[in-house]
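As a plain string of letters, each chain reads:
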Amino acid sequence: MDHFTYRNGILHAEDVPVPAIAEAVGTPFYCYSTATLTRHYTVLEEAFSALSPLFCFAVKANSNQAVLRTLGQLGAGADCVSGGEVRRAILAGIPAERIVFSSVGKTVPELEYAVQENILQFNVESLAELHMLSDTATRLGKTARIALRINPAIDADKDVGTHAKISTGKKIHKFGIAFEKAEEAYALAANLPGLKITGISVHIGSQFTSLEPFRWAFPRIIELTTRLKQNGLPIDSIDLGGGLGIPYHEESPPQPDIYAAMIREFVEPLNCRLILEPGRVIAGNAGILITSVILTKHTGEREFVIVDAAMNDLMRPSLYDAYHEIIPVTAATNPEDTRLLDIAGAVCETGDVFARGRLLPPMQAGDLLAFRSTGAYGAVMAGNYNTRLLIPEVMVHGNAFAIVRKRQTYDTLIGMDEQPPWLA
Ligand SMILES: Cc1ncc(COP(=O)(O)O)c(C=O)c1O
């Protein structure tokens, strides 16, 4: 459930009419709903009440500091995948003792920073990283708490029911320590200075709409954890990552209580603290992207609506063929008067098409459209391709709204270029 609904035919974000935000901020922009973020977090918390996990929100899904602060105030921690994300989480008020750091290639400066900040846990993804972290922590006179991220080694040809580009738990993937190397890696970790083993972690991918991939991967990790504990390793926490999908279109992913019941069945016998890293399920449906129609054109074959958002603002459709529901901000007055439209951005790429053949009312320049379910993996993936400016992000809270990231300016963007001395 989200808080983007029509009232008297006008799309509202909570109690704010979307056209009023567009008027104040200009288009395109992302708009996040505090009530929806809060609801999604609370639903998860309630579903997992028997286990009281630490929910480390996957910052990669939405790293806006207002989003992080909202979730942090509800008790969330942060799962970060770069030194920049750790900085953002800390600046947004999430305490270091609730921060985990995953990433297949943490650099020495990133490790140094996170060690100095004394974060809860490093999810270490290779033997090389164990050495790097041990050296770094020892040099700084600190101890780094670690979990090893284990790749459960799903067969490459097994259909895990999500897009190949967001699946992470197969033998062919770069993520985690190979399942067969886990015990060797823990033995190494136990003997390296500056490290304290505290847990184990796994994350098999994103946008799973069935429990089957979890049911396949988690028992392997649980069985490994039991064995490691029996061998005397101090595994006090188990981090089962994120990955629960959301309904973008016709999917019906498992409800959080069903997901929680499955995890409880696996985790309870272990007597470990549970950590989860949900991203999309919290932020995905808590955001919309608002765009204006620039013009319409008929190619002879297709009827195009060219909008002022483009693939650089929302990459998911061109990157993963992702589906986003697209609705008019002013509801159609005559539902019979609809037509099949292709919605595209202005970027000079054939792939800059958001959707094909969507049934929408006739569009004209200036009309507003909303792309639903863009609160996760939306703004965070935006770039400046075609020298387009990063677009603003707005947060709504009841009948109030605020810009939580300003629109970039040409001065900031173009001003980053420098001329070499021989051209100056
Ligand atoms: C290590 C890690 N944890 C958590 C997540 C969040 O996944 P999701 O947004 O599907 O919950 C991701 C995203 O793929 C990830 O790479």
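Sequence order as written defines the numbering, with residues in each chain counted from 1. For this predicted model, a pLDDT threshold of at least 70 governs which residues receive local features, and a threshold of 80 or more governs which side-chain atom pairs are given and counted, while totals over whole chains, interfaces and linings are taken from all residues.

Draft legend 1. Quick look at the overall build of the chain. By the criteria applied, helices consist of DSSP H or I runs no shorter than four residues and strands consist of E runs no shorter than two, each listed in order from the N terminus. Secondary structure summary: the chain contains 12 helices and 21 strands in total. A radius of gyration in this sense is built from C-alpha atoms; the matching globule rule multiplies 2.2 Å by the number of residues raised to 0.38. Relative to the globule expectation of 22 Å for 424 residues, the C-alpha radius of gyration of the chain, 23 Å, shows essentially globular dimensions. Structurally, the chain occupies a C-alpha span of about 70 × 60 × 45 Å along its principal axes. With C-beta atoms placed from the backbone, a residue counts as buried when 20 or more other C-beta atoms lie within 10 Å of its own, as exposed when 12 or fewer do, and as partly exposed for counts between those limits. Split into buried and exposed, the 424 residues of the chain put 46% on the buried side. Two residues form a contact once the distance between their C-beta atoms, set from the backbone, is within 7 Å. For the chain, the share of sequence-separated contacts (at least 6 apart) that also reach a separation of at least 24 residues comes to 71%.

Draft legend 2. Broad picture of the site of the ligand. Nearness rests on one distance test: the residue's C-beta atom, set from the backbone, must lie within 6 Å of the molecule or strand. Lining the immediate surroundings of the ligand are 18 residues, of which Ala58, Ser206, Gly242, Gly279 and Arg280 lie closest. Of the residues contributing to the shell around the ligand, the split by class is 6 nonpolar, 8 polar and 4 charged. For this scheme, ten residues count as nonpolar: Ala, Val, Leu, Ile, Met, Phe, Trp, Tyr, Cys and Pro. Four count as charged, namely Asp, Glu, Lys and Arg, and the remainder, Gly too, count as polar.

Draft legend 3. Spatial organisation of the domain arrangement of the chain. Domain assignment breaks the chain into domain 1 (4-31 + 285-414) and domain 2 (95-278). Boundaries between domains were set according to an automatic or database domain assignment. A separation of 35 Å is found between the C-alpha centroids of domain 1 and domain 2. Taken together, the contact pairs 7 residues of domain 1 with 6 residues of domain 2. Counted by class, the side of domain 1 that touches domain 2 contains 3 nonpolar, 3 polar and 1 charged residues.

Draft legend 4. Structural detail: the sheet that holds strand 3 (residues 16-17). Paired strands, in this sense, are two strands between which DSSP finds at least two bridges. With antiparallel pairing, the 3 strands of this open sheet are ordered in space as 1-2-3. Unpaired on one side and paired on the other, strand 1 (4-7) and strand 3 mark the two borders of the sheet. Of the pairings in the sheet, the one linking strand 1 to strand 2 (residues 10-13) comprises 4 bridges and is antiparallel in character. By the bridge assignment for strand 2, Thr5 is matched with His12.

Draft legend 5. Spatial organisation of the environment of Thr412. When you line up the elements, Thr412 lands in helix 12 (residues 410-414). A residue is classified by how many C-beta atoms lie within 10 Å of it, and Thr412, with 12 of them, is exposed. On a C-alpha basis, the gap between Thr412 and Ala376 in space is 25 Å, while along the polypeptide they are 36 residues apart.

Draft legend 6. Here's a closer look at the environment of Ile172. With respect to the secondary-structure elements, Ile172 resides in the loop between strand 9 (144-151) and strand 10 (177-178). Owing to 11 C-beta atoms within 10 Å, Ile172 belongs among the exposed residues under this scheme. Separated by 207 residues in sequence, Ile172 and Ala379 have C-alpha atoms that sit 29 Å apart.

Draft legend 7. Highlighting the confidence of the model for the chain. By definition, pLDDT measures how confident the predictor is in each residue, and it falls between 0 and 100. When pLDDT is averaged along the chain, the result is 95; 97% of the residues meet or exceed 70. Per-element confidence in the chain is highest for strand 4 (residues 29-33), whose mean pLDDT is 99, and lowest for strand 10, whose mean pLDDT is 94.

Draft legend 8. Highlighting helix 1 (residues 18-25). Inspection of helix 1 places Val18, Ile21 and Ala22 among the buried residues, and these make up the whole buried set. Projected onto a plane normal to the axis of helix 1, the buried residues spread over an arc of 100° and lie on a single side. Exposed side of helix 1, more than 90 degrees from the buried face: Glu23 and Ala24 are the residues found there. Where helix 1 terminates, the next one or two residues include Gly26, which has phi positive at roughly 80°. The directions from the helix axis to the C-beta atoms form the arc being described.

Draft legend 9. Representation of the pairing of strand 8 (residues 121-124). Covered by surrounding structure in strand 8 are Gln121 and Asn123 together with Phe122 and Val124, the residues of both alternating faces. Look down the strands so they point away from you; if the path from the first strand over the helix to the second goes clockwise, the crossover is right-handed. Between the parallel pair strand 7 (residues 99-102) and strand 8, the chain is carried across by helix 5 (residues 108-117), and the sense of this crossover is right-handed. Both strand 8 and strand 9 contribute to a ladder of 3 bridges, which runs parallel. In the strand pairing of strand 9, Val124 is matched with Leu148. Assessed by its sense of winding, the connection that carries the chain from strand 8 through helix 6 (residues 127-139) to strand 9 is right-handed.

Draft legend 10. Here's a closer look at unusual backbone geometry. Cis peptide bonds are those with omega within 30 degrees of zero, and the linkage from Thr27 to Pro28 qualifies with -5°. One non-glycine residue, Asn271, adopts positive backbone phi at about 60°. Judged by C-beta crowding, with 8 C-beta atoms within 10 Å, Asn271 ranks as exposed.

Draft legend 11. Just the packing of helix 4 (residues 83-91) against helix 5, in detail. Contact geometry for helix 4 and helix 5: axes closest at 9 Å, N-to-C directions at 25°. On the basis of their axis angle, the class for helix 4 and helix 5 is roughly parallel. The chirality of how helix 4 crosses helix 5 is left-handed. Within the contact between the two elements, helix 4 uses Gly83, Val86 and Ile90 and helix 5 uses Pro109, Glu110, Tyr113, Ala114 and Glu117. Of the residues belonging to the contact of helix 4 with helix 5, the class tally is 5 nonpolar, 1 polar and 2 charged. Note on geometry: axes are lines fitted to C-alpha atoms, helical ones only across the stretch in contact, with angles between N-to-C directions running from 0 to 180 degrees. The cut-offs work like this: below 35 degrees is roughly parallel, past 145 is roughly antiparallel, 65 to 115 is roughly perpendicular, and the gaps in between are oblique. Should the near helix be turned anticlockwise from the far one by less than a right angle, the crossing is termed left-handed; should it be turned clockwise, right-handed.

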